[in-house]
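# What the coordinates show
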Amino acid sequence: TILLLLTSGNVEDVQETKQCLIDCSDDPLSVVIVGIGDASFDSMEFLDEHDPATEAGRDITKFVKFDDYRSFNALTQAVLDE
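Residues numbered from 1 in each chain as written. Predicted model: local features only at pLDDT ≥ 70, side-chain atom pairs only at ≥ 80, totals over all residues. Heavy atoms only, no water.

## Observations regarding the overall build of the protein chain
Assigned secondary structure in the protein chain consists of 3 helices and 3 strands. The linear arrangement of helices and strands in the protein chain, starting from the amino end, is β-α-β-α-β-α. A globule of 82 residues ought to have a C-alpha radius of gyration of about 12 Å, and the protein chain, at 13 Å, matches this closely. In terms of its C-alpha atoms, the protein chain occupies a principal-axis envelope of roughly 35 × 25 × 20 Å. Sorting the 82 residues of the protein chain into buried and exposed places 30% on the buried side. At a minimum sequence separation of 6, the contacts of the protein chain that also span at least 24 residues come to 73%. Within the structure as shown, the protein chain displays about 5,500 Å² of accessible surface, and the carbon and sulfur contribution to it stands at 52%. (Helix = DSSP H or I, 4+ residues; strand = E, 2+ residues; numbered from the N terminus. Rg over C-alpha atoms; globule rule 2.2 N^0.38 Å. Buried < 20%, exposed > 50% of the residue type's maximum accessible area, 1.4 Å probe, protein only. Contact = heavy atoms within 4.5 Å. Areas by Shrake-Rupley, 256 points an atom, 1.4 Å probe, with all protein chains shown as cover.)

## Looking at the pairing of strand 2 (residues 30-35)
Within strand 2, 5 of the 6 residues are buried, which leaves the element mostly enclosed by the surrounding structure. Here strand 1 (residues 2-7) pairs with strand 2 via 6 bridges, running parallel. Counterpart to Ile2 in the pairing with strand 2 is Ser30. You can see the chain leave strand 1, run along helix 1 (residues 14-24) and come back into strand 2, and the turn it takes is right-handed. Here strand 2 runs beside strand 3 (residues 61-65); their pairing, made up of 5 bridges, is parallel. Paired with Val31 across the strands is Thr61, a residue of strand 3. In the classification by handedness, the crossover that spans strand 2, the intervening helix 2 (residues 42-48) and the parallel strand 3 is right-handed. (Pairing = 2+ DSSP bridges. Right-handed = clockwise from strand over helix to strand, strands pointing away.)

## Describing the pattern of salt bridges
Applying the stated criterion across every chain yields a total of 1 salt bridge. Taking the shortest distance from any N to any O, the salt bridge between Glu55 and Lys18 comes out at 3.6 Å. Pair noted here: Glu55 is in the loop between helix 2 and strand 3 and Lys18 is in helix 1, with a separation of 37 residues, a long-range link. By relative accessible area, Lys18 is classed as buried at 5%. (Salt bridge = Lys/Arg side-chain N within 4 Å of Asp/Glu carboxyl O.)

Written out as structure tokens, the structure reads:
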């Protein structure tokens, strides 16, 4: 199962969201977050970072900023490159 999130900003509670992703990481789920627009996506990039040495579960999250890619093919490759 793939959950695709399109967003134009950051989440309200980064730590709670990160914990939810860790809790879901044993399920057959991948989360793709696509940032759209010129907002700061610092917390979204934080959600994409997963350190198996300090965090439980597996890395299920991929963040990409839509405006960083010139074509849909490049965006698709970036989403699948994890």
